Amino acid sequence: MTTPADRRTDPTGGGTAAGPDADDRRAVTGRRRIAFAAWTDEARMPGLLVLLRSLALADPTVCEDFLVLHPGLPDSAFDAARRLHPRLVPRSARSRLDVFRESGYDTVVALSPGMVVLGSLLPLLALRTGVAAVPQPGPGGGRTVRDGGLLVIQRQDVTDALLDALAEGGEDTVDRALTEAGILEPLGSRYDVPAGRPFDDTPVPGSTVVLHLGADPAPGTPAGEARERYEMDDEAFRAAYCALPGPKHPELLLHCALPFPEGRRAPVDLVRQVAEVHRQQGRYDEAVALLTPAVAGRPDLPRCHETLGISLMALSRYEEAEAHLLLATVSPDFAARAYGQLARLAWLLGREADAHAYAREGLDADPTDGNCHAWYARTRPAPAAPGGAAPAPAHEQLAHVALFADGQENAGDKVLPEAVRMCFGPDTGPARWHERSVHRLVDETGLEELNARRGIVVGGGGLFLPDTAPNSNSGWQWNIPDDVLARISAPLAVFAVGYNVFDGQRYRRERFAASLRALVGKSAFFGLRNQGSVDRVRELLPEELRDRVRYQPCPTTVARHLDPGLDDGRDDGTDRDDTVLINCAYDRAGLRFGHDYGHFLAETAAAVRAIGTRAEVRYAAHMPADEKFVHDLRREHGTALPVEPLYLFSNDRIRELYRRTRLVIGMRGHAGMIPFGCGTPVISLVSHPKLAYFLADIDRPEWGLSVHDRALGARLAERAAHVLDDHRAAVADVHGRQEHLWSVTRANLAELRGLFGLTDPFAGGDAPHLPGPRTAEPAPGLHLPDTRTK
């Protein structure tokens, strides 16, 4: 089992330390790195321990790096502190003022060992400008920054001149130096409440967040009692943290809970919480190891059986997973959720009838359960299409392994598979394509079906992602064991797949890397959709395989060349709507925004108001969850946006909407790539490396803005105005950027046609003349009517 020090990722939000399994792409996304800091010597060490305990117990959801600045203490001096905090970082320093020089972080909250934290410091982590401090009464009635007081330092605002002034004057000149630099930001008094000797009998105000004790308070005084609450041994501290109600930071929870005390049985609910953290961090084997003995002979623990079942499913131990999930269904509180997981499990194994029955059981338990409803609809036997074209013989078909979205799932994942097929010819339907979901287990029957086809296309999309439908067979989204992959005999092409790991996301590379080596070795063509993905995947391969990885743009980015209906050879703006579309994403929101969501929302609200003076701003929701932005914007800033629910639209209608607007501001990858492919200018809100990778490929990095950008609102409004003011030039630039992508795609397709024995559908020139793609029309009762002009 790994030690707490190895667990360095916060999957739910906030900062992330660079652990051995954590992706760090802050240079691409602009994500802030935040730390607490305190200066201590040997005499102040007891106060530091009190500070660390109070920090954890006052706000159990916060866990950032904690810098301990010291005058050269031996490493063993920090053993006691390490037992209290999983991310302790000792650093030698000349004085407390060296906190201003901590260049490895963007924001540093400076505390002192004489402080006790009584409330949440989360609002301080959201600060973005200057150096914040609580003004204190000074000589002559003035206000000053107290010696050793709390500081929130934004390293971006610390200049060399300020560092020189502090070095020359020392602690006594902090106030004057910050004031002269014009970066002193006042904080509310509750963040640094003094408790000096004159106030020994004064009650500590209930609003106090940080109590500044200075000298040790007298026992029995209110300040003394506040400190005494956090003077405890390690076992008492760990027990107190684990017993706290409500959410806890996963890294702190593991640090305090593990290892469980020997000789005593840990509370079952605590075991489940720890196992759930392991599961969320992709440590499914550790979750199983904890829960298996805990539930032995205990059918009365449905919540534990549910977590155990999901973890076993992620390890591809399907028979055991099904047994535990069935035990979870005995509780009315968890039955619907468990049946939804059972439906997914049965579907993964190709048991459609069982999946449908499980989904029906879940709806009987809770008719409002959305997951069960989705599986019930997905596994309902499809009626035969009257007059439909007969499928071609298997040896004439291509097999397509991809993520096929349906219902109200991601609009981008609906458009993408069709775009891949359009690269190979005009017929994108079942007559020429054998469809197989990437998530379904490739068993012997599945292998036989794949090998019967003239070729296999895997992709596109961000399939190299560990936590979407996790499995231990490959470590990424294609659920295929290595021994089955080795027996594929049909020509295999990986086409426009992306490395989709989030900045700061942890995953275990060993299984993925081994599967990746086998996949690259088996593939006759291996193309990734951006150069960033190419570079990341090559890092995981041995030298002899790296050159086999090549660049293949996402086919949605060349849609104008695949569908002549999207381009009539001109674009003077007269047939475009006077609209700007904006899109945001909320999956893995903690990794996207960290502590900056409030900042992002306020900045985009200002940008929306500014852009709204030039065009109508509408919201393009790729998924129902995307609409959180609209609700938050209206609630927090009083700005309402009309919504275009793309998840209800047909593929044609999605492309047409993006073609007719003047600008798209998108956070999802395909909220940039689809409109770009339709010839529409885009601005990307970068919260994931893949957006920056795409913009680098088309040599337009300035089309992206980090969601963490301090001046996001002003810069977004300025760039949008530039596009709208010279729209024809912006569209021409998009068309020009597409030419390289289309050239690369044409060259790759020429190779793939030889591999699969296909004719060239684009032989007539650069602009193919193909019938319109076969797209499913909106399903009755689910989709909005398609009102575009035919």
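Counting restarts for each chain: residues are numbered from 1 in the order of the written sequence. Reporting in this predicted model follows two pLDDT cut-offs: at least 70 for local features of residues, and 80 or more for side-chain atom pairs to be given and counted; totals over whole chains, interfaces and linings ignore these cut-offs and use all residues. The side-chain values count all of the structure's non-hydrogen atoms but skip hydrogen atoms and water molecules.

Draft legend 1. Highlighting the overall build of the protein chain. Elements are defined by DSSP. Helices are runs of H or I of four residues or more, strands are runs of E of two residues or more, and each kind is numbered from the N terminus. Counting secondary structure elements, the protein chain contains 31 helices and 25 strands. Each radius of gyration is computed over the set of C-alpha atoms, and the globule rule expresses the reference value as 2.2 Å times the number of residues to the power 0.38. Taking 790 residues into account, the globule formula puts the C-alpha radius of gyration at 28 Å, and the protein chain, at 29 Å, falls close to it. A principal-axis box enclosing the C-alpha atoms of the protein chain has dimensions of 90 × 70 × 55 Å. Pairs of residues are marked as contacts when any of their non-hydrogen atoms sit within 4.5 Å. Partitioning the intrachain contacts of the protein chain with sequence separation of at least 6 by distance along the chain shows that 71% fall at a separation of at least 24. Just so you know, the count uses Lys and Arg for positive and Asp and Glu for negative, and it drops His and the chain ends. In this description, the location of a charge corresponds to atom NZ of lysine, CZ of arginine, CG of aspartate or CD of glutamate. Positive and negative charge centroids in the protein chain, built from 90 and 107 side chains respectively, lie 2 Å apart.

Draft legend 2. Spatial organisation of the pairing of strand β18 (residues 525-528). On β18, burial covers both faces: Phe525 and Gly527 on one face and Phe526 and Leu528 on the other are all buried. Each pair of strands is called paired provided DSSP finds at least two bridges between the two strands. Across 4 bridges, the pairing between strand β17 (residues 492-499) and β18 is parallel. Bridge assignment links Val497 to a residue of β18, and that residue is Leu528. Crossovers are marked right-handed if the path from the first strand over the helix to the second runs clockwise, as seen with the strands pointing away from the viewer. Crossover connection from β17 via helix α20 (residues 509-522) to parallel β18: handedness right-handed. Relative to strand β19 (residues 550-551), β18 runs parallel, the two sharing 2 bridges. Looking at the pairing, Gly527 lines up with Arg550 of β19. Partly exposed describes any residue whose relative accessible area lies between the buried limit of under 20% and the exposed limit of over 50%, with all areas from a 1.4 Å probe on protein chains only and scaled to the type maximum.

Draft legend 3. Highlighting the sheet that holds strand β11 (residues 193-194). On the basis of which strands lie adjacent, the open sheet formed by 3 strands has the order β5-β12-β11 and mixed pairing. A strand with exactly one partner marks an edge of an open sheet, and here the two such strands are β5 (115-117) and β11. Here β5 runs beside strand β12 (residues 210-212); their pairing, made up of 3 bridges, is antiparallel. The partner of Met115 across the bridge, within β12, is His212.

Draft legend 4. Molecular detail of the sheet that holds strand β25 (residues 704-706). Spatial strand order, β22-β21-β20-β23-β24-β25: 6 strands in an open sheet with parallel pairing. Every interior strand has two partners, whereas the edge strands, β22 (643-645) and β25, have only one. Mean inter-strand twist for the sheet, computed between neighbouring axes without regard to direction, equals 20°. Axes, fitted as lines to C-alpha atoms, cover a helix only where it is in contact. Angles between the N-to-C directions of the axes lie from 0 to 180 degrees.

Draft legend 5. Structural detail: the environment of Gly30. Mapping Gly30 onto the fold places it in the loop between α1 (26-29) and β1 (34-39). Once residues within four sequence positions are removed from consideration, Gly30 is found in contact with Ser706 and His708.

Draft legend 6. Local environment of helix α11 (residues 284-295). Multiplying 1.5 Å by the helix residue count minus one yields the expected span of that helix. The terminal C-alpha atoms of α11 lie 16 Å apart, and with 12 residues this matches the ideal 16 Å at 1.5 Å per residue to within 8%. Considered for burial, the residues of α11 that qualify are Tyr284, Glu286, Ala287, Val288, Leu290, Leu291, Ala294 and Val295. If you follow the buried residues of α11, they end up packed against α10 (268-280), α12 (302-314) and α13 (318-328). At the exit of α11 stands Gly297, carrying a positive phi of roughly 70°.

Draft legend 7. Representation of helix α14 (residues 335-348). Relative to the 20 Å expected for 14 residues at 1.5 Å per residue, α14 spans 20 Å between its end C-alpha atoms, a close match to the ideal helical length. Most of α14 is tucked away, with 13 of its 14 residues classed as buried. Gly350 sits one or two residues past α14 and shows a positive phi near 80°.

Draft legend 8. Summary view of the packing of aromatic side chains. For this analysis, a ring pair means two rings from Phe, Tyr or Trp (six-membered ring only for Trp) whose centres lie within 6.5 Å, classed as stacked if their planes differ by under 30 degrees, edge-to-face if by over 60, and tilted for the remaining angles. Counted by the stated rule, this structure contains 22 aromatic pairs. Between Phe424 and Trp433, the aromatic rings sit 5.9 Å apart at their centres with planes inclined by 70°, giving edge-to-face as the arrangement. Across the pair, Trp433 and Phe424 agree in class, each one buried. Ring centres 6.0 Å apart and planes at 45° place the aromatic pair Tyr586 and Phe593 in the tilted group. For Phe593, a relative accessible area of 3% corresponds to the buried category. Taking NZ or CZ as reference, Arg378 lies 5.9 Å from the ring centre of Trp347, over its face. Ring-over charges, as used throughout, are those where CZ of Arg or NZ of Lys falls within 6 Å of the ring centre and within 35 degrees of the ring normal.

Draft legend 9. View of the pattern of salt bridges. Take a side-chain nitrogen of Lys or Arg and a carboxyl oxygen of Asp or Glu: if they are within 4 Å of each other, that pair is a salt bridge. Counted by the stated rule, this structure contains 58 salt bridges. Across the pair Glu435 and Arg421 runs a salt bridge whose closest N-O atoms are separated by 3.4 Å. Placement of the pair is Glu435 in strand β14 (residues 433-437) and Arg421 in helix α17 (residues 411-422), with a sequence separation of 14 residues. A salt bridge links Arg700 to Asp733; its shortest N-O distance comes to 3.0 Å. Here Arg700, found in the loop between α29 (689-697) and β25, pairs with Asp733, found in helix α31 (residues 727-756); they are 33 residues apart in sequence, far enough to count as distant. Here Arg700 falls in the buried class, since its relative accessible area comes to 16%. A network of salt bridges, in which partner residues are shared, links Asp467, Asp587, Arg588, Arg592, Asp626 and Arg668.

Draft legend 10. The arrangement of the nonpolar core in detail. Core analysis: the biggest nonpolar cluster contains 95 residues, and Phe36, Leu48, Phe66, Leu121 and Phe260 have the highest contact counts within it. In terms of residue count, helix α2 (residues 45-58) provides more of this core than any other element does, 9 residues in total. Excluding anything up to four places from it in sequence, Phe36 contacts Leu55, Val62, Glu64, Asp65, Phe66, Leu67, Val109, Leu111, Leu121 and Leu125. With 82 residues, the next largest nonpolar core counts Tyr586, Tyr658, Leu716 and Leu749 among its residues. Throughout this description, the term nonpolar core refers to a set of buried Ala, Val, Leu, Ile, Met, Phe, Trp, Tyr and Cys residues connected via side-chain atoms within 4.5 Å.

Draft legend 11. Here's a closer look at the packing of α12 against α13. Interhelical geometry of α12 versus α13 gives an angle of 160° and a closest axis separation of 7 Å. By the angle between their directions, the pair α12 and α13 is classed as roughly antiparallel. Viewed along their axes, α12 and α13 form a crossing whose handedness is left-handed. Contact residues: Pro302, His305, Glu306, Leu308, Gly309, Ile310, Leu312 and Met313 in α12; Tyr318, Glu320, Ala321, His324, Leu325, Leu327 and Ala328 in α13. Under this grouping Gly is polar, as are all residues other than the nonpolar Ala, Val, Leu, Ile, Met, Phe, Trp, Tyr, Cys and Pro and the charged Asp, Glu, Lys and Arg. Per-class residue counts for the contact of α12 with α13 are 10 nonpolar, 3 polar and 2 charged. Note that the term roughly parallel is reserved for angles under 35 degrees, roughly antiparallel for angles over 145, roughly perpendicular for angles of 65 to 115, and oblique for everything else. In this scheme the handedness of a crossing depends on how the near helix is turned from the far one: anticlockwise by less than a right angle means left-handed, clockwise means right-handed.

Draft legend 12. Main features of the environment of Ala606. Following the sequence through the fold, Ala606 ends up in helix α25 (residues 597-611). Using a relative accessible area of 34% as the deciding quantity, one classes Ala606 as partly exposed. Between the alpha carbons of Ala606 and Gly713 there is a distance of 5.7 Å; along the sequence they are 107 residues apart.

Draft legend 13. Here's a closer look at unusual backbone geometry. The peptide bond linking Leu258 to Pro259 adopts the cis configuration, its omega dihedral lying at -10°. Omega for the peptide link from Gly459 to Gly460 comes to 0°, which places this bond in the cis form. Relative to the helices and strands, Gly460 resides in the loop between β15 (455-458) and β16 (461-464). Here Ser316, not a glycine, exhibits a phi torsion of approximately 60°, which is positive.

Draft legend 14. Examining the packing of α25 against helix α30 (residues 712-725) more closely. Interhelical geometry of α25 versus α30 gives an angle of 30° and a closest axis separation of 8 Å. By the angle class used here, α25 and α30 are roughly parallel. Both α25 and α30 take part in a crossing whose hand is right-handed. Contacts between α25 and α30 pair Phe600, Glu603, Thr604, Ala607, Ala610 and Ile611 from the former with Leu712, Gly713, Ala714, Leu716, Ala717, Ala720 and Leu724 from the latter. Tallied by class, the residues present in the contact of α25 with α30 amount to 10 nonpolar, 2 polar and 1 charged.

Draft legend 15. Up close: the state of the cysteines. Disulfides are defined as pairs of cysteine sulfur atoms found within 2.5 Å of each other. On inspection of all chains with the given rule, the structure shows 0 disulfides. Summary of cysteine pairing: Cys242 is not part of a disulfide, and the nearest cysteine sulfur, belonging to Cys256, is at 5.7 Å. Classification of Cys242 by relative accessible area gives buried; the value is 15%. Here Cys554 stays free of any disulfide, with the sulfur of Cys423 as its closest cysteine sulfur at 8.8 Å. Judged by relative accessible area, which is 1%, Cys554 ranks as buried.

What is shown is where atoms sit, not what they do.
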